[in-house]
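Geometric and topological summary
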Amino acid sequence: MRASPMLLAALALAVAFPAAQTRTTRGLDMYVVDVEGGNATLVVAPSGESVLIDSGNGGAAAVRDADRIMAAAKDAGLTRIDHLITTHWHGDHFGGLAELSSRIPIAEYIDHGANVQPAAAADEFLQKVYPGLYGKSKHTVAKPGDRIALTGVDWRIVSAAGEAIKTPLPGAAGAGRPNPFCAGFKPQDPDTTENAQSVGSIVTFGRFRLAHLGDLTWNKEFDLMCPTNRIGTVDLFMVSHHGQPISNAEVLVHALQPRVAIMNNGTRKGGQPDAMKVIHSAPGLEDLWQLHFSLLSGQEYTVPGLFIANNIDEPTAAMPIAAMVPPPAGAAAPPPPVHNGAAFWIKMSAQTDGSFTVTNGRNGFSKTYKARP
């Protein structure tokens, strides 16, 4: 008897995208993967379903960063990525996507839509490569208010394509209240780059809440958080834009009142004093964890080494006291230090009661944060 076309199609999909495997753990896990100042954040639900936010750098670094993401996926026991969010079309956020997709099936590709900042690499990828990737799967253009299906997890999109949610998130502590930090806000120059288009997420697992807003910039943070705080408070804040001061305004960071912040910075990217002052002074903040020691922070604004997953790439005999002047941006920027050796992630594991544990992959240092009363 010949199989029907519908049956054959179903079998093909089952091979391409096998069912998620339930894990023995009951927590929500997150791996902040070191992609050298880019972004790759892997979130895994107790069901085994997964969301990867961004895919690291492109060019010569694509293989390196795909290797590091795959190491996290292997540690989590994944055989596929269920949802892949590209927050925006900058090379340190989507550059490794083609390489990664050749290593592991990706069931859904999510982004904010068209590129608003013309650039040869991004435009060529979007025109010639990306359609061939999502054409084998599912493609979704995210809008504020959308939800991503993840069993046992409430995943909300709060920003995309320069727009933000208009109404408070239901059931979120502090959501809908006037934001007292709006009164002192001073806008920066309008941002016409892809950063302002970032897809931002709020993830809720029982009483635990996580904020990841990509590279959303200063004025867009105001649009999201003023005059009322539409997000509420969170337990864990993934520091925006690698810890740069063109993001991380008090209207966002202080209103979120995170207990813990994790910064996916690089050796010479993110961690400038102006941003670090805002983060360290956030009401209720207990700890800041960093993917790298930042030369831009110096000794004054850095955190103890226990909380830093990767040291500087070219070790020196003494820690610099003064913060380094940031290198010029764009084509005039000198090449970053080469780091192709061991790279370590920061892993977070949360429980439904709101408690969570953060672990430094380099030294094994771990700290558990009890549930808020």
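Everything below is about the structure shown above.
Residues numbered from 1 in each chain as written. Predicted model: local features only at pLDDT ≥ 70, side-chain atom pairs only at ≥ 80, totals over all residues. Heavy atoms only, no water.

1. Some words on the overall build of the chain
Along its length, the chain carries nine helices and 20 strands. Here the contacts in the chain between residues at least 6 apart in sequence split such that 72% fall between residues at least 24 apart. (Helix = DSSP H or I, 4+ residues; strand = E, 2+ residues; numbered from the N terminus. Contact = heavy atoms within 4.5 Å.)

2. With respect to the side chain of E221
With respect to the secondary-structure elements, E221 resides in helix α6 (residues 218-225). Within the buried core, E221 has no salt-bridge partner, and the shortest N-O distance to an opposite charge, that of K220, equals 12 Å. Look past the residues within four positions of E221 in its chain and what remains in contact with it is L216, S240, S247, N248, A249, V251 and L252. (Buried < 20%, exposed > 50% of the residue type's maximum accessible area, 1.4 Å probe, protein only. Lys, Arg positive; Asp, Glu negative; His and termini not counted. Salt bridge = Lys/Arg side-chain N within 4 Å of Asp/Glu carboxyl O.)

3. Describing unusual backbone geometry
Glycine aside, residues mostly have negative phi angles, and peptide bonds mostly take the trans form. A cis geometry characterises the amide bond from C226 onward to P227, with omega recorded as 0°. As for its placement among the helices and strands, P227 is situated in the loop between α6 and β13 (228-229). The phi torsion at H242 lies on the positive side, around 65°, for a residue other than glycine. Relative to the helices and strands, H242 is located in the loop between β14 (236-238) and α7 (250-256). Residue Q257 is not a glycine yet carries a positive backbone phi of 50°.

4. A few points about the sheet that holds strand β19 (residues 356-360)
Neighbouring strands of a sheet are bound in pairs by backbone hydrogen bonds; such pairs are parallel or else antiparallel. Read from one edge of the open sheet, nine strands run β6-β5-β4-β3-β2-β1-β18-β19-β20, paired in mixed fashion. With partners counted over all chains shown, the strands left at the sheet margins are β6 (138-141) and β20 (366-369), one partner each. For this sheet, the mean angle separating the axes of adjacent strands, direction not counted, is 15°. The pairing of strand β4 (residues 83-85) with strand β5 (residues 108-111) spans two bridges and is classified as parallel. (Pairing = 2+ DSSP bridges. Axes fitted to C-alpha atoms, helices over the stretch in contact; angles between N-to-C directions.)

5. A look at the pattern of salt bridges
For the structure on display, the rule yields 16 salt bridges. For R64, the salt bridge is made with D65, and the minimal N-O distance between the two is 2.8 Å. R259 is paired through a salt bridge with E286; the nearest N and O atoms lie 2.9 Å apart. Here R259, found in the loop between α7 and β15 (260-263), pairs with E286, found in the loop between α8 (273-280) and β16 (287-292); they are 27 residues apart in sequence, far enough to count as distant. Counted as one network, the salt bridges with shared partners bring together D34, E36 and R68.

6. Here's the deal with the pairing of β15
Of the two faces of β15, the one lined by V260 and I262 and the one lined by A261 and M263 are each fully buried. Taken together, the three bridges between β14 and β15 define a ladder with parallel strand orientation. Directly across from F237, in β15, lies its bridge partner A261. Regarding the hand of the β-α-β motif, the stretch spanning β14, α7 and β15 is right-handed. For β15 and β16, the ladder comprises four bridges, and the chain directions are parallel. When the sheet's bridge partners are listed, M263 is paired in β16 with Q290. (Right-handed = clockwise from strand over helix to strand, strands pointing away.)

7. Notes on empty space enclosed by the protein
Across all of its chains, the model carries two cavities of 30 Å³ or more by this definition. Of the voids in this model, the largest cavity is the one considered here, and its volume is about 50 Å³. As for the largest cavity, its lining consists of N39, H93, H212, G214, D215, M238, V239, S240, H241, H242 and N264. Broken down by class, the residue content of the lining of the largest cavity amounts to two nonpolar, eight polar and one charged. In this structure, the second largest cavity encloses a volume near 40 Å³. Around the second largest cavity, the lining residues are S159, G162, E163, A164, L216, K220 and D223. Broken down by secondary-structure element, the contributors of at least two residues to the lining of the second largest cavity are β9 (163-164) and α6. (1 Å grid on protein atoms, 1.4 Å probe; cavity = no way out; pocket = protein on both sides within 12 Å on 5 of 7 lines; lining within 4 Å. Points joined across faces, edges and corners; volume = space filled by probe spheres on them. Nonpolar A, V, L, I, M, F, W, Y, C, P; charged D, E, K, R; others polar.)

8. A few points about the nonpolar core
Counting residues in hydrophobic clusters, the biggest one holds 67 residues, and the most contacted among them are W155 and I262. Apart from the residues within four sequence positions on either side, I262 is in contact with M30, V32, L236, F237, M238, V239, L288, W289, I346 and V358. Core analysis: the second largest hydrophobic core is formed by 26 residues, V44, A72, L78 and L97 among them. (Core = buried A, V, L, I, M, F, W, Y, C linked by side-chain atoms within 4.5 Å.)

9. Quick look at the environment of N195
Among the secondary structure elements, N195 is positioned in the loop between β10 (177-178) and β11 (200-205). Taking the C-alpha atoms as reference points, N195 and H90, separated by 105 residues in sequence, lie 7.9 Å from one another. A distance of 3.1 Å separates a polar atom in the side chain of N195 from a polar atom in the side chain of H90. (Polar contact = N/O pair within 3.5 Å; in protein donor to acceptor, adjacent residues only side chain to side chain.)

10. Things to note about the environment of K220
For K220, the position within the fold is in helix α6. Since its relative accessible area comes to 24%, K220 is described here as partly exposed. Taking the C-alpha atoms as reference points, K220 and A164, separated by 56 residues in sequence, lie 8.0 Å from one another. Engagement of the side chain of K220 in a polar contact is seen with the backbone oxygen of G162, the distance being 3.1 Å.

11. Considerations on α8
For α8, every residue scored as buried is listed here: A275, M276, V278 and I279. End-on, the buried residues of α8 take up no more than an arc of 160°, which puts them together on one face. Buried-residue contacts for α8 involve α7, β15, β16 and α9 (298-301). (Arc of directions from axis to C-beta.)

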